[in-house]
Structure formats: structure tokens, C-alpha cells
Amino acid sequence: MPFLGQDWRSPGWRWVKTEDGWKRCEPFSPALEDVNNQLKDISHTVLATLDTENYIVWKSVYIITGDDEDEAIYSTEDCEFAAKKRKKDHCMNNTQCFYREKWIYVHKESTRERHGYCTLGEAFNRLDFSSAIQDIRRFNYVVKLLQLIAKSQLTSLSGAAQKNYFNILDKIVRKVMEDQYNPRLIKDLLQDLSSTLCILIRGVGKSVLVGNINIWICRLETILLWQQQLKNLQMNKQVNNGLTLIDLPLHTLRNILHRLSDGWDVITLGQVTPTLYMLSEDRQLWKKLCQYHFAEKQFCRHLVPSEEGHIDWKLMYFALQKYYPIKEQYGDTLHFCRHCSILFWKDTGHPCTASDPDTCLMPVSPQHFIDLFKF
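Residues numbered from 1 in each chain as written. Predicted model: local features only at pLDDT ≥ 70, side-chain atom pairs only at ≥ 80, totals over all residues. Heavy atoms only, no water.

1. Details of the overall build of the protein chain
Point 1. Along its length, the protein chain carries 15 helices and 6 strands.
Point 2. The proportion of buried residues among the 375 residues of the protein chain is 34%.
Point 3. Partitioning the intrachain contacts of the protein chain with sequence separation of at least 6 by distance along the chain shows that 64% fall at a separation of at least 24.
Point 4. Of the roughly 23600 Å² of accessible surface on the protein chain, 53% is carried by carbon and sulfur atoms. (Helix = DSSP H or I, 4+ residues; strand = E, 2+ residues; numbered from the N terminus. Buried < 20%, exposed > 50% of the residue type's maximum accessible area, 1.4 Å probe, protein only. Contact = heavy atoms within 4.5 Å. Areas by Shrake-Rupley, 256 points an atom, 1.4 Å probe, with all protein chains shown as cover.)

Take a look at the structure:
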């Protein structure tokens, strides 16, 4: 498969295989010519060293076997090949620079300039989700996207995208273990992922799994280990001599609760102190949550009256959640430019050719991201 450049008439880009998959590298700049000349000198030195070292190795084999022809097997060409490999490794570690474009052109058909189409795995590799999880605004967004991929799109990922997927997942788990940030969200992700892998492994042969079955079994064991680590996670008690949540006035605590859009967050915060528990049971709070997430026709079909005859809005919220999806809120999301058909992070931008780029932007939810690559 050829690697095409930005122009269909170009000879193509240079690609290097790294731990996270294939990366496009920049051509050598004139500033690196001196380094390249130094590498040529290094190759001659390595050649001489290899020649001496390998002579000793082959000489020992000659003594053990007693075969005169074995001594002639090791030739100068083998030495040169080893020297070139050493030079290449040195070059990769010190002088390679990669493009870090955090956008991708989403095309679903072939044109004269672009052949083929963009896949989910390619977009997953190009959009740098590994760095996005370090941004607290994007953390929940990336986790939700990984969860949707785990439920339905795991088998559509290429081998490199699968490796990148589990590398990102490993970083997320380590971040949660260190920062203790939103472990409930990661537990749900790992539960869905382990369920999907169990089904795929049991039905091997019926479904297409990219890679060896032993690799998938090893990944499942790793997921089970992560689940056990999160289960044993102990939240560190914060030692603070200053102002705490308990010291805030009631109206401030009430405003904090009313700004939460997830019912589970309201319940979790209500477990901190008796005062917060009392405020978290407010009927008006749960009524606003129901009205925010669900349409009036939806919660009219599932009325849950209390013993006094009033509507139990808290129970209704969790009852409606079983039938209808709740609205999702994220600090930062991917954006799609309708003019350029480019998917990108808003703060990094993209090379837009529209006269008014802001009118062409559209925020992309995790589900919309998945739908963009369904052909």
C-alpha cells in the first residue's frame, strides 16, 4: 500500500515505525547535514568494531566446529549491513522529527487527489488522544469515546489502532490511580470492554479479530487486573487547614449541587456530609435534572408517584435513564469543519479555506465521531 502525500503527483512521505505505530517524519533539514556527516564517520568506526568483534565470534565457532569453510561465511557485506542498522537506529533516536498535526481530513470516497477513504482507526491515531487525556477538559470526552469503541467498533480498528487504543487506556488507568480523578467513569469503561472481549474471544471464528487470539486473552487479563486495582483504590484524605466544603454557606452549597448535570455526581456529593445529603434530596433539584435531560413527553410516560401522592423526581430520573440517553456535557470536544471536511481540536485549529471559518464549525459528540466513519 503506497503512502500518498498531499499532492497525488508527489513521491510520498517518509514513514517511520514507532511504539505508537507508523509516524510521518520530516525531511532532513540543512541544519542536520553536519549530523549526517558525523554518522558516516560513526559507521566506519562501527564497521571496524563489528569486524573485530564478529571475527572473534566466528573464530570461536570455527574452533568448535573445525570447519575451514565457516571462517569465510562472515563477509564484509554483513559488516556493512550491521553498520547501516546501527546508523539508522542512531538517526531515529536523535535526528527524526515528526509531524504532530492534530487534525484529519474525513473523506469517504476516492478522488483524483485522494485515493481510498478515512477509517476510524486512522482518525484515532492522528488526533492525538494520548495527549488529550492530560487535559481535564477533554478527559471525560476521550473516555466516553473509548467506551463507545469498546461496545461496537473494537473489531473495526487496525492492529496499530488497537495498540494505540490500549496504550491510551493504560495511561488513563495510571492517571486515575495517581490523581484519583473520576474512577467511576473508568470502571464503567473497563466493564464494557471486558464484556465485549469475553464475547469476542468465546466466539472466535465467528467474528473477525485482528491479531493473535493469545494477544486478546492477554489484554483481557490486563483489563481484569486494572479492574481489581480500581476496586482496591483508596481515596487519600485531603489535609487542609484552610476553608473546606463544610464551611461554605447553605445557598452556596445548593448552587454547587444545581450546577451538576449528572445524577450520580449529586448522590456522591451528598455522601460527604449530612448537610449535603439533605440538600441532595431536594425535589426541585431532581425535577430540574429531569427537565434538563428529558422531554416532557418522555417523563410523562413514566410517572413515579411517591407515598404522599407527589411525583418522586429522583426515582423518575433513574427510571428515565434506562429508556432514554441523557444529555452529555464536555469541557472541550472535537470539531468538524463542514467546508473543509476536517476533524480537529478547536484550540489547535486547521488549515481552513472558508471566508468565515467560525460559521462552518460543528461540535462533534463521541457518538457523532463514531457515525462519521460508518460507511
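2. Things to note about the nonpolar core
Point 1. Core analysis: the biggest nonpolar cluster contains 52 residues, and Phe129, Tyr165, Leu343 and Phe369 have the highest contact counts within it.
Point 2. Sorting elements by how many residues they give to this core places helix 5 (residues 136-153) first, with 9 residues.
Point 3. Within the second largest apolar cluster, 18 residues are counted, among which are Leu269, Leu285, Phe299 and Leu320. (Core = buried A, V, L, I, M, F, W, Y, C linked by side-chain atoms within 4.5 Å.)

3. Overview of the packing of aromatic side chains
Point 1. Evaluation of the coordinates by the stated rule reveals 16 aromatic pairs.
Point 2. Centroid distance Tyr141 to Trp345: 6.0 Å. Interplanar angle 70°. Geometry classified as edge-to-face. Of the two residues, Tyr141 sits in helix 5 while Trp345 sits in strand 5 (residues 342-345), which places them 204 residues apart along the sequence.
Point 3. Classification of Trp345 as buried rests on a relative accessible area of 0%.
Point 4. Aromatic side chains Tyr323 and Tyr324 sit 6.4 Å apart centroid to centroid with 50° between the ring planes, which places their arrangement in the tilted category. (Phe/Tyr/Trp six-rings, centres within 6.5 Å; stacked < 30°, edge-to-face > 60°.)

4. Details of the sheet that holds strand 3 (residues 103-105)
Sheet strands associate in pairs through backbone hydrogen bonding, adopting either a parallel or an antiparallel arrangement.
Point 1. Read across the sheet, 4 strands follow the order 3-5-4-6 without closing on themselves; strand pairing throughout is antiparallel. The outermost strands of the open sheet, each flanked by one partner alone, are strand 3 and strand 6 (361-364). Taking each pair of neighbouring strands and ignoring which way they run, the sheet shows an average axis angle of 25°.
Point 2. Alignment of strand 4 (residues 334-337) against strand 6, held across 4 bridges, turns out to be antiparallel. What sits directly across from Leu334, in strand 6, is Val364. (Pairing = 2+ DSSP bridges. Axes fitted to C-alpha atoms, helices over the stretch in contact; angles between N-to-C directions.)

5. A few points about the environment of Phe166
Point 1. Its location among the elements puts Phe166 in helix 6 (residues 159-179).
Point 2. We classify Phe166 as buried; its relative accessible area is 10%.
Point 3. Put simply, Phe166 and Arg219 are 53 residues apart on the chain and 8.3 Å apart in space, counted from C-alpha to C-alpha.
Point 4. Leaving out residues up to four positions away in the same chain, Phe166 has contacts with Leu193, Trp216, Arg219, Ile223 and Trp226.

6. Points about the side chain of Gln180
Point 1. Summarising the element assignment, Gln180 is placed in the loop between helix 6 and helix 7 (183-202).
Point 2. Among residues more than four places away in sequence, those in contact with Gln180 are Lys175, Leu233, Gln234, Met235 and Asn236.

7. Here's the deal with unusual backbone geometry
As a rule of thumb, non-glycine residues mostly have phi less than zero, and peptide bonds are mostly trans rather than cis.
Point 1. Residue Gln180 is not a glycine yet carries a positive backbone phi of 55°.
Point 2. Judged by its relative accessible area of 14%, Gln180 falls in the buried class.
Point 3. Phi angles above zero are rare outside glycine, and Ser341 is one such case at about 55°.
Point 4. Residue position: Ser341 is located in the loop between strand 4 and strand 5.
Point 5. We classify Ser341 as partly exposed; its relative accessible area is 22%.

8. Topic: the environment of Gly263
Point 1. Relative to the helices and strands, Gly263 is located in helix 10 (residues 263-270).
Point 2. It is 9.8 Å that separates the C-alpha atoms of Gly263 and Leu285, two residues lying 22 residues apart in sequence.
Point 3. Every residue in contact with Gly263, bar those within four places of it in the chain, is listed here: Trp286, Leu289, Tyr317 and Phe318.

9. Observations regarding the confidence of the model for the protein chain
Note: predicted coordinates in regions of low pLDDT should not be interpreted at a detailed level.
Point 1. Per-residue confidence for the protein chain gives a mean pLDDT of 75, with 69% of residues at or over 70.
Point 2. Low pLDDT, under 50, characterises residues 28-33; the predicted model gives this stretch 5 contacts beyond four residues in sequence or across chains.
Point 3. Counted against residues more than four places away or in other chains, residues 90-99, with its pLDDT under 50, gives 27 contacts. (pLDDT = per-residue confidence, 0-100.)

10. Let's talk about helix 12 (residues 283-293)
Point 1. Taken together, the buried positions of helix 12 are Leu285, Trp286, Leu289, Cys290 and His293. One side of helix 12 holds all its buried residues, which, seen down the axis, span an arc of 135°.
Point 2. Of the surrounding elements, those touching the buried residues of helix 12 are helix 9 (250-258), helix 10, helix 11 (274-280), helix 13 (296-300) and helix 14 (313-323). (Arc of directions from axis to C-beta.)

11. What about the pattern of salt bridges?
Side-chain pairs of opposite charge can arise where the charged atoms are in close proximity.
Point 1. As enumerated under the stated definition, the model contains 11 salt bridges in all.
Point 2. With its nearest N and O atoms 3.1 Å apart, the salt bridge here joins Asp179 to Lys175. One end of the pair is Asp179 and the other is Lys175, both in helix 6 and 4 residues apart, which spans about a single turn.
Point 3. Under the relative-accessibility criterion, Lys175 is labelled buried at 15%.
Point 4. Overlapping salt bridges bring together Asp135, Arg137, Arg138, Asp332 and Asp347 as one network. (Salt bridge = Lys/Arg side-chain N within 4 Å of Asp/Glu carboxyl O.)

12. Let's talk about the packing of helix 5 against helix 6
Point 1. Put simply, helix 5 and helix 6 touch, their axes get as near as 12 Å, and they point 135° apart. When the interaxial angle is binned, helix 5 and helix 6 end up oblique. The two elements helix 5 and helix 6 cross, and the hand of that crossing is left-handed. Taking contact as the criterion, the partners of Phe139, Val143, Leu146, Ile149 and Ala150 in helix 5 are, on helix 6, Tyr165, Ile168, Leu169, Ile172, Lys175 and Val176.
Point 2. Partitioning the contact of helix 5 with helix 6 into residue classes produces 10 nonpolar, no polar and 1 charged. (Parallel < 35°, antiparallel > 145°, perpendicular 65-115°, else oblique. Left-handed = near helix turned anticlockwise from the far one by under 90°. Nonpolar A, V, L, I, M, F, W, Y, C, P; charged D, E, K, R; others polar.)

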